[in-house]
Structure formats: structure tokens, C-alpha cells
Amino acid sequence: MTYSCSPVPAFETESDNCEKSTDARGFLFAFLSLRLTMDSGGQEPLRCRMPELGTGNCLGRRCVAIAILLCCALTDSVFSQTECLIYAESFDSFAGPRDLDDGTYFVQWCESGATVTSSSFCPTGNAFKLDAGGDDPIVFVAAPASACTSFTINFDYSQFADTATILRFAVTNDNSVNCSQFVSTGAVALTAVNGVCTPASHTVSVAAGQSVYWRFDHGNNTNAVFIDNVVVQVAGCCDDGSEHGCCEVGGAGCTDSVIEQCVCIVDPFCCDTKWDQLCVDQVESLSCGSCAPAPTCIGDFAIDFGTLFQSGSVCSMFPQLFQTCQGTGPFISSGTACGGSGDMAMTFASGFPYSAAITHCVDLTEAAVITLSFDYTKNTGTLGPRVDVSLDGETYTTIWQAAVVFTGDGCEIVALDLNVLAGEPQAKFRFSSGSSVSNGAAFDNIVLQSSDVATHDCCDVGGPGCDDAAVQTCVCAVDPFCCETEWDDLCVIGVEFYQCGDCGFCVEDYNADFGDTFVGGTVCDLFPEWFISCEGSGPWLTTGTDCGGAGDPVMLFGVGSDISAAYTRCLNLADLTQAALQFTYTKIDGTVGPVIDISQDAGGTFAELWRAPESPGDDCHDVCLDLSKFTGHPFVLFRVRAGAADAAGSAMDDIQLLRDSACPPPTQSPDIDGNGSVDVFDLLELLSAWGQCAPTLPCPADLDNSGAVDVFDLLELLGAWGTSP
């Protein structure tokens, strides 16, 4: 309930002769005629109102202000007693109830044996279960630095049979919870049975700096009672409304110091007492500024509700986006399934009309592609939340509503294609609880994006975002860079890596042999089916190296300030039990590289898989790398690169993936002693090694790689007799 004292507009005249008036009878009549009224529906404040009296000697606005003060004093409604929500707990997490410490308000729990369970008669998901005599949890509430006048706790409870549970309370000067605090004064007896979900509430008056303990005192029995939807509110220490625009009614003064000074020079009341509607009107009538509505609607918007807790509705905290709030709230809170302890989200209150926040109108006249994305959570089995749209500012149509059964993993990501709204000049969006009871609903990371032309495909690089709202939201939830700055190669890779869609990016087979015709350009430009991106200078095609003749181009790494590198398309090894990567390379002795790196996280990090020896000899070398430890992975990337920015002469060819195949055994030369010919000395080497090869030692006489030196190796040597292999 909100209390305030103000005159009705009929008496906000420019007359200010109260201090000069000697008509005591006129003043007394004005005072006695004040009456205390409550506006219907509880949506407006309780006011001391002046009925219409006609004219008189003491009906100026300052006289009425004095009479109002007297009225309020007699009715014990002293200025603002606004009640605001500081804490809401629906027990979504099985870890137990959350504590609150935002530097101003403190809500702390002593669980005392009670546990969170999914078994509850209230249709709101989890609940706090008390089922033993010692299950007496405590809720401690404090605001030590604020002049609060009362604390209120609201909650639902349900029980099949009477548990003799009583809510008790105690007022103390504690600044932090003491779980041994004696809490004895009875407040509310929980008497409803038969599983009926029953609301309960208790308010405690406090002096400045005092705190409150509430204890759920379970009786000495084993019947279970379920506590749910605990909400804590404070009064007397909420925002007093002084921070408001000069075109808004509120506390004394306004946020624009130039306009404030201009108005208050003529009418000091606006800065001394209250910035009322007459002060707002004087902004323009005194030529101090303009209160004309903005000529155009807002454009695209994005809001994550920040990281700091603030009390009040989202309309008061984010007026640049939300124009109107309905019902109670919505508020922001932390610790929801869509945010951690330092990540705020928009949460809803119970009641009717439904708790809702409505945006300013949005101009979509130039839009061709429109997407609305957001995160949401809710309690399964409940109605809401939902999103509505209005094109005339009055009638709303539901464009999305959460299913009753919530199957999301804590927080669900939604992306809506709203291209049907293209061309609309003033669309308004309403984010609503969709229910009159607490349903644990929360929205976070709300983003509206529009474009005057269709954006690029999600499988192509381009500007921020892409043309598939669901894929875009999925990728950007992991990599915000893709929606904020650029949809680059890693974003394209992320489409498949994060399992957001299919770009045909991963390949099953890979055989980069670079063809038989020389063409100028980088390997990425010439062979996009093999390479997704290049860095540094090149790599280029060239011919005439040790690994390729005049008609056999190879990949040559460039020289420059950055290391020359090429990134392969991803290889899908998910269904393989063994795999290998084989290739040929050449280099200049004494130089660094080439090098092959491997990544299993979409190119985020690479580990070195192979590096050429420094001096392997000036010819073409065959290499085969065992990939068996990477099989089963659906997304493997390779980076082939020079070992250094100035490493010249490194080239590679015939890069091939061997699927379900291990590296072939190395070829053994019949020139066992390496003297350049197969002769009697090689025969003597073979005979001396006759028999089984040692498993951990080289066995050069095992020419057929059978694991033993035997007659088959002898026959192979004799077949090469006299040659120079």
C-alpha cells in the first residue's frame, strides 16, 4: 500500500495568499473539508483529498498544502510509506533458499533441517519442506542503514494434515543473522489442510536500524508442510521518487538542473516541497524546456537488466525501454535460472492485472528482417510467461507463450521471427507473467534486431548476426562477438560446433593434393572445399619443389611479418575407431617448420601435433600421424603453418585423412647397412638378426615388417641383390 498527501488538482491554483490571509474561518473550513479516500483497485495512493469548495480567501495551493499536512498528521499517513519488494524465492534450486546481500537489504536463511523438494500441493514446482519437529527454518531480514518502518513476509503454504506449524517473529538490533536467536511471538498459524495452497502474510513495524526474525515453528509431529513463493517487502525506505525527469511528477526538484533552476526561480514550491503537475506545465509555459512527447519511436533494443540489484519496477529503472508497467512490478532479481548471483533478470509478481512491462513503440517502417530473442525460465506446470504485441497501443495479440510443461535446462533461449511486423510504424511489445499467481517466470537478455535488407546466411561471413534467428541466438549465446561485431569464420564454424545448425562445414574425407595445374592465389581462395581461412602471407601454390614437379603444384608457406598458416575445414571423426593423417613435406635444412596443430574447440585453442625436424635432408619426406586418440570427436580442425614468420622454403602436399585405417608400416630398405648397394654385407646383417624382433628396438632387417627376420625377408633381399635402392 502506498500513502501520500496531496491536494486534488482543482486547488492547484496560482493563488498564494495564505500567509497574508486573516480569514481563519475560510482556512478552517478548507481543513475540515479534507477527507481521506482510497482510490479503487489499490493502484493509486491513499490521499488526503480536498473536495471542490468553490472560491474562497484561503484556497491557494500553499494554503492547501498546509491543510494537507494537518490532515496527514491526523490520519497517521505521514508522507511516503511506499512498500517495495526486495526479495522473492520460489525454491527453483534444490540447493536451498538463496540469501540476499546487496549492501542495503539483507535476507538470510537458517534452514534448520528443512529441505527443497519437488513434492508440493502448490502448482509452482519446488517447495521448502518441513516434516519433523526440529525443522524450524528462520528468515532474517535487515536494512541497517535505512530508515525502514515495516517489513512484510508473504508466502504460500500447503499441508495434507495439520502440522501445528506457527509463524513466529522477533524484532532485534542484529545486523547479521543469528541462527540461535530466540523467536517466540506468534504471528500466523498455518491451519489450512487437505493440500489447499494457501497464501499467508505478516507485517512487522520496526524502528530505523531494527531487523526481524521470522521462524516457521513446525509442531512436534512428522506431518509435512510445504512453504513456497516467499516474498519480502519493506516500507518507509524505498526510493522516494526524487530522481525523476522534469516532465514527470515526483519529489522536489528534477534531474535537469537547468530546467529545475528556471522553474524554481518563479515557483520555489517545485524545489522546496514537490514537483507537481503545475511544475511540469511550467517547464514549457516559462520557456524552460520542452515536455513534448518524442516525435519518433525507438529502434532496435537490447537489455540484460545489468548486474546490480535495484528496488522498484523495471519501468522506473529502465525508462528508456519500458514505457508502462501493469499490475505489480515487474521487478529485477538475481539468482534465477537465467542468471547467477550477479546477473539480474526481470521477474514477475502475483496478482491481477497480470504483472507486465510494455516497451515504448518501436519503428519498424524500414525493416525487412526482424528478430526478437530472449532467455526465459518458469516453474513447470504453470501458466505463462508470454509476449504480446500491439500495433495501435491499445489491443494486444499474443505472439509467444511458454508451454505449461517447462522442459528447458534451467534457462531456455527463444528466437522469434517477426518479419510479419515489417513496415509497422509503432509496434509495442508487452512482456507479461501470463498468470495471476507466482509462476517463477523470468526474462533476460531481450534483444530486438531489425535490418532493411535480408542479412547474410549463417554459413557465410558478414556483418553482425545472420538470417536465421534461431541459429543466430544459439551461436551468440556462446560467442556474443558474432552478434555484436562481426559474423566471422569462427561464427560460421560455431554453427556446427555448437550444434546450432548445419553448414556442411565438416567433411568426412580429406585429400588436399592441390591438383596438377598451377593457378595464382592462396590455397584458401583456390581450394575453399579444403581450407576455411588463411593467415599471414599465403600459403600459395607453387611447382618445382622436391615434393612436386613442373606439373604437380604444392602448398608453399609465405614469408612476412605474420606466420603463414591455413586452417582446414573440420573433420568429422565421430564414427571412427582409428584414423591417421598422412602428407608429404620438404624444407630447407636449418629452418623452422612446417608445423601442424590440432583444435577440438572450433579453433578456440590449438595444440601442436607435429613439427618437422630441423635438418631432415633436402628431399621430399613422407609422414603419417596417428589420430586414434582423437577418434569419436565430431569436430577436429587442423592448422598447417610455417614454423616462423621468416621461415622460407617449407612446402606440403598430398594431405590426406585415412578413415578407419592406421598409418602403414614404414618401408624397410634391403640396403640394410646403407652403403648404397644390396650386397653380401646386407646378407650378413640379415643373418645376424635372424629371429623375432625385439618389440622396443629398431629392426632394419625385418624387410616385410612382419615382426621377425625370416625366410621372407631373405627372399626380398635376394630379389634386390646388386641394386642401389
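Just above sits the structure.
The present account deals with the structure reproduced in this document. (Residues numbered from 1 in each chain as written. Predicted model: local features only at pLDDT ≥ 70, side-chain atom pairs only at ≥ 80, totals over all residues. Heavy atoms only, no water.)

## Points about the overall build of the chain
- Of regular secondary structure, the chain possesses 12 helices and 40 strands.
- When burial is assessed residue by residue, the chain has 47% of its 725 residues classed as buried.
- Of the contacts made within the chain by residues no fewer than 6 positions apart, 71% connect residues no fewer than 24 positions apart.
- Carbon and sulfur atoms make up 52% of the accessible area of the chain, which amounts to about 32,900 Å² in all. (Helix = DSSP H or I, 4+ residues; strand = E, 2+ residues; numbered from the N terminus. Buried < 20%, exposed > 50% of the residue type's maximum accessible area, 1.4 Å probe, protein only. Contact = heavy atoms within 4.5 Å. Areas by Shrake-Rupley, 256 points an atom, 1.4 Å probe, with all protein chains shown as cover.)

## Some points on the pairing of strand β34 (residues 595-599)
- Buried residues dominate β34, accounting for 5 of its 5 residues.
- Of the two faces of β34, the one lined by Val595, Asp597 and Ser599 and the one lined by Ile596 and Ile598 are each fully buried.
- Judged from the 4 bridges that link them, β34 and strand β35 (residues 607-611) form a sheet pairing that is antiparallel. Each bridged residue has a counterpart across the sheet, and for isoleucine 598 the counterpart in β35 is alanine 607.
- Relative to strand β37 (residues 637-641), β34 runs antiparallel, the two sharing 5 bridges. (Pairing = 2+ DSSP bridges.)

## Concerning the packing of aromatic side chains
- According to the stated counting rule, one finds 26 aromatic pairs in the structure shown.
- Ring centres of phenylalanine 305 and phenylalanine 318 lie 5.6 Å apart, and the angle between their planes is 80°; on these two criteria the pair is classed as edge-to-face. Linking phenylalanine 305 in the loop between β17 (301-303) and α6 (314-317) with phenylalanine 318 in the loop between α6 and β18 (322-326), this pair joins segments that are 13 residues apart in sequence. Neither residue differs from the other here; phenylalanine 305 and phenylalanine 318 are each classed as buried.
- Residues phenylalanine 305 and phenylalanine 322 carry aromatic rings whose centres are separated by 6.4 Å and whose planes lie at 10° to one another, so their mutual orientation is stacked. Separated by 17 residues along the polypeptide, phenylalanine 305 in the loop between β17 and α6 and phenylalanine 322 in strand β18 bring together distant segments of the chain. Here phenylalanine 305 and phenylalanine 322 have matching classes, each one buried.
- Feature note: the residues Phe348, Phe374, Tyr376, Trp400, Phe406, Phe431 and Phe443 constitute an aromatic cluster, connected by ring pairs. (Phe/Tyr/Trp six-rings, centres within 6.5 Å; stacked < 30°, edge-to-face > 60°.)

## Some details on the pattern of salt bridges
- Taken as a whole and judged by the stated rule, the model has 12 salt bridges.
- If you follow the salt bridges from partner to partner, you end up with Asp597, Glu608, Arg611, Arg639 and Arg641 in one network. (Salt bridge = Lys/Arg side-chain N within 4 Å of Asp/Glu carboxyl O.)

## Points about the environment of asparagine 223
- Turning to its location among the elements, asparagine 223 is positioned in the loop between β13 (211-217) and β14 (225-235).
- We classify asparagine 223 as partly exposed; its relative accessible area is 30%.
- For the pair asparagine 223 and alanine 164, spaced 59 residues apart in sequence, the C-alpha to C-alpha distance is 9.1 Å.
- Not counting residues within four places of it along the chain, the set of residues in contact with asparagine 223 comprises Leu130, Asp131, Ala161, Asp162, Thr163 and His218.
- Only 3.0 Å separates the side chain of asparagine 223 from the backbone oxygen of aspartate 162, close enough to count as a polar contact. (Polar contact = N/O pair within 3.5 Å; in protein donor to acceptor, adjacent residues only side chain to side chain.)

## Details of unusual backbone geometry
- Backbone torsion omega between phenylalanine 352 and proline 353 reads 5°, so that peptide bond is classified as cis.
- By the element assignment, proline 353 lies in the loop between β20 (345-347) and β21 (356-359).
- That bond from glycine 593 to proline 594 is cis: its omega, 5°, falls within 30 degrees of zero.
- Structurally, the position occupied by proline 594 is in the loop between β33 (579-586) and β34.
- A positive phi angle is found at phenylalanine 305, which is not glycine, with a value near 65°.
- Since its relative accessible area comes to 1%, phenylalanine 305 is described here as buried.
- The phi dihedral of phenylalanine 514 falls on the positive side, at around 65°, and the residue is not glycine.
- Among the secondary structure elements, phenylalanine 514 is positioned in the loop between β28 (511-512) and α10 (523-526).

## A look at a nonpolar patch on the surface
- A cluster of nonpolar residues, Val680, Phe681, Leu684, Leu687, Trp690, Val711, Phe712, Leu715, Leu718 and Trp721, forms a patch on the protein surface that exposes about 1,000 Å² of accessible area.
- If you list the elements that add at least two residues to the nonpolar patch, you get α11 (680-688) and α12 (711-719).
- Position of phenylalanine 712 among the secondary structure elements: in helix α12.
- Under the relative-accessibility criterion, phenylalanine 712 is labelled exposed at 54%. (Patch = residues over 30% accessible without salt bridge, like charges linked within 9 Å, V, L, I, M, F, W, Y side chains within 5 Å.)

## Things to note about a negative patch on the surface
- On the surface, Asp417, Asp457, Asp460, Asp467 and Asp468 cluster together into a negatively charged patch.
- Positionally, aspartate 467 belongs in the loop between β27 (442-451) and α7 (469-478).
- We classify aspartate 467 as partly exposed; its relative accessible area is 40%. (Lys, Arg positive; Asp, Glu negative; His and termini not counted. Charge placed at Lys NZ, Arg CZ, Asp CG, Glu CD.)

## Structural notes on helix α3 (residues 257-266)
- Considered for burial, the residues of α3 that qualify are Ile259, Val263 and Cys264. Buried positions in α3, seen along its axis, are confined to an arc of 120° and lie on one side of it. Turned more than 90 degrees away from the buried face of α3, the exposed residues are Val258, Gln261 and Ile265.
- The N-cap residue of α3 is aspartate 256: its side-chain oxygen and the backbone nitrogen of valine 258 are 3.1 Å apart. (Arc of directions from axis to C-beta.)

## Focus on the sheet that holds strand β23 (residues 386-390)
- Strands sit in the order β18-β21-β26-β23-β24 across an open sheet of 5 strands; the sheet is antiparallel. Looking at which strands have only one partner, the edges of the open sheet turn out to be β18 and β24 (397-401). Sheet twist, expressed as the mean angle between neighbouring strand axes with direction ignored, is 20°.
- Pairing of β23 with strand β26 (residues 428-432), which is carried by 5 bridges, proceeds in the antiparallel orientation. Residue serine 390 lies in a different strand from β26, and its bridge partner there is lysine 428. (Axes fitted to C-alpha atoms, helices over the stretch in contact; angles between N-to-C directions.)

## With respect to the packing of α11 against α12
- One way to put it is that α11 packs onto α12 with a least axis distance of 11 Å and a crossing angle of 175°. Classified by the angle their axes make, α11 and α12 are roughly antiparallel. When α11 is examined against α12, the residues Asp682, Leu683 and Leu686 are found in contact with a partner set consisting of Asp713, Leu714 and Leu717.
- Grouping the amino acids of the contact of α11 with α12 by side-chain chemistry returns 4 nonpolar, no polar and 2 charged. (Parallel < 35°, antiparallel > 145°, perpendicular 65-115°, else oblique. Nonpolar A, V, L, I, M, F, W, Y, C, P; charged D, E, K, R; others polar.)

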